[in-house]
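Chain residues, written in single-letter form:
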Amino acid sequence: MKRVVTFIGSLALLATAGCHPYEFDMGGPHVVSCEILTSLPGVDHNMDQATLRDTAAIDMSYYGATQYHIKMGVMLKRGEGFRILVRPVVEYRDVKDSGIIITATQSTGITLDSGHHHFLLRPDVPIAPNQLIHVALMSENNYMQVVFDCDTVYRGWTKLKESDDVVVQALQSSEVQVIQPDWDDLPGR
């Protein structure tokens, strides 16, 4: 009887604590809220990093902050590359606005597009497998800056809605690690 009561008590504790297998926190010192947007087996994660495989994607946000400076490490473990989607709120796994898509690959370097229109091609900034890439994204009103390691890939104004979600997705047959994201306020604030 005591085992049954203990078991029922454990189930009640789990029910009240809430089990959300698609949601997790990562990074720091400003901890980022993450949600897995694809099937669970495509993503492994802990407090320090997430590994995404074969088109798996995670959504990262920080309490709806639309003015931010997010820094993270990204490492391509295998395959061609990854995408970073900077966009307004992702609701119920449905993306309401195309936002800006940053695609980083071994073969074509870095491209930025919005609404299926490429507005920046940087073949001179390719990514290499098993090399840590420091990625920084800054968003202030309609001003955006994208930095890969020491290369400022893009700096300019957009006429898009403010972004408050950053989605990272592995490309087909690729595996990528997102390491220690930190969603901070703008520099100087």
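All of these numbers come straight from a predicted model, not from anything done at the bench.

A. The overall build of the chain, seen in detail. Across its full length, the chain carries one helix and 17 strands. Within the chain, counting contacts between residues at least 6 apart in sequence, those at least 24 apart form 62% of the total. When the accessible area of the chain is evaluated, it comes to approximately 10,000 Å², of which 56% is carbon and sulfur surface.

B. Focus on the confidence of the model for the chain. On average, the chain scores 84 in pLDDT, and the residues at 70 or more come to 79%. Ignoring residues within four places in sequence, the model shows residues 2–17, a span with pLDDT below 50, making one contact including any to other chains.

C. Looking closely at the sheet that holds strand S6 (residues 68–78). One open sheet holds the seven strands; their spatial order is S3-S4-S17-S6-S13-S14-S15, and the pairing between them is antiparallel. Two strands in the sheet have a free side with no partner beyond their single neighbour: strand S3 (43–45) and strand S15 (151–157). Across the sheet, the mean angle separating the axes of adjacent strands is 20° when strand polarity is ignored. Looking at chain direction, strand S14 (residues 143–148) and S15 are connected through six bridges and run antiparallel. Its bridge partner lying in S15, Gln 145 is registered against Arg 155.

D. Looking closely at the pattern of salt bridges. Following the criterion strictly, the structure yields five salt bridges and no others. Arg 53 serves as the salt-bridge partner of Asp 44, at 3.0 Å between the closest nitrogen and oxygen. Owing to a relative accessible area of 44%, Asp 44 belongs among the partly exposed residues under this scheme. Where Asp 54 meets Arg 78, a salt bridge forms, and the shortest distance between an N and an O atom there is 3.5 Å. One end of the pair, Asp 54, is in the loop between strand S4 (49–53) and strand S5 (57–61); the other, Arg 78, is in strand S6, and 24 residues separate them in sequence. Shared partners join several salt bridges into a network, and the residues in it are Asp 54, Arg 78 and Glu 175.

E. Structural context of the side chain of Ser 61. Relative to the assigned elements, Ser 61 resides in strand S5. Classification of Ser 61 as buried rests on a relative accessible area of 18%. In contact with Ser 61, not counting residues within four places along its chain, are Val 32, Ser 33, Asp 164, Asp 165 and Trp 183.

F. A look at the pairing of strand S10 (residues 100–105). Of all six residues in S10, six are buried; the element is thus mostly enclosed. Covered by surrounding structure in S10 are Ile 100, Ile 102 and Ala 104 together with Ile 101, Thr 103 and Thr 105, the residues of both alternating faces. Pairing of strand S7 (residues 81–87) with S10 involves six bridges; the strand directions are antiparallel. Bridge pairing in S10 places Ile 84 opposite Ile 102. Of the pairings in the sheet, the one linking S10 to strand S11 (residues 109–114) comprises five bridges and is antiparallel in character. Bridging across to S11, Ile 101 finds its partner in Asp 113.

What counts as what
- Residues numbered from 1 in each chain as written.
- Predicted model: local features only at pLDDT ≥ 70, side-chain atom pairs only at ≥ 80, totals over all residues.
- Heavy atoms only, no water.
- Helix = DSSP H or I, 4+ residues; strand = E, 2+ residues; numbered from the N terminus.
- Contact = heavy atoms within 4.5 Å.
- Areas by Shrake-Rupley, 256 points an atom, 1.4 Å probe, with all protein chains shown as cover.
- pLDDT = per-residue confidence, 0-100.
- Pairing = 2+ DSSP bridges.
- Axes fitted to C-alpha atoms, helices over the stretch in contact; angles between N-to-C directions.
- Salt bridge = Lys/Arg side-chain N within 4 Å of Asp/Glu carboxyl O.
- Buried < 20%, exposed > 50% of the residue type's maximum accessible area, 1.4 Å probe, protein only.

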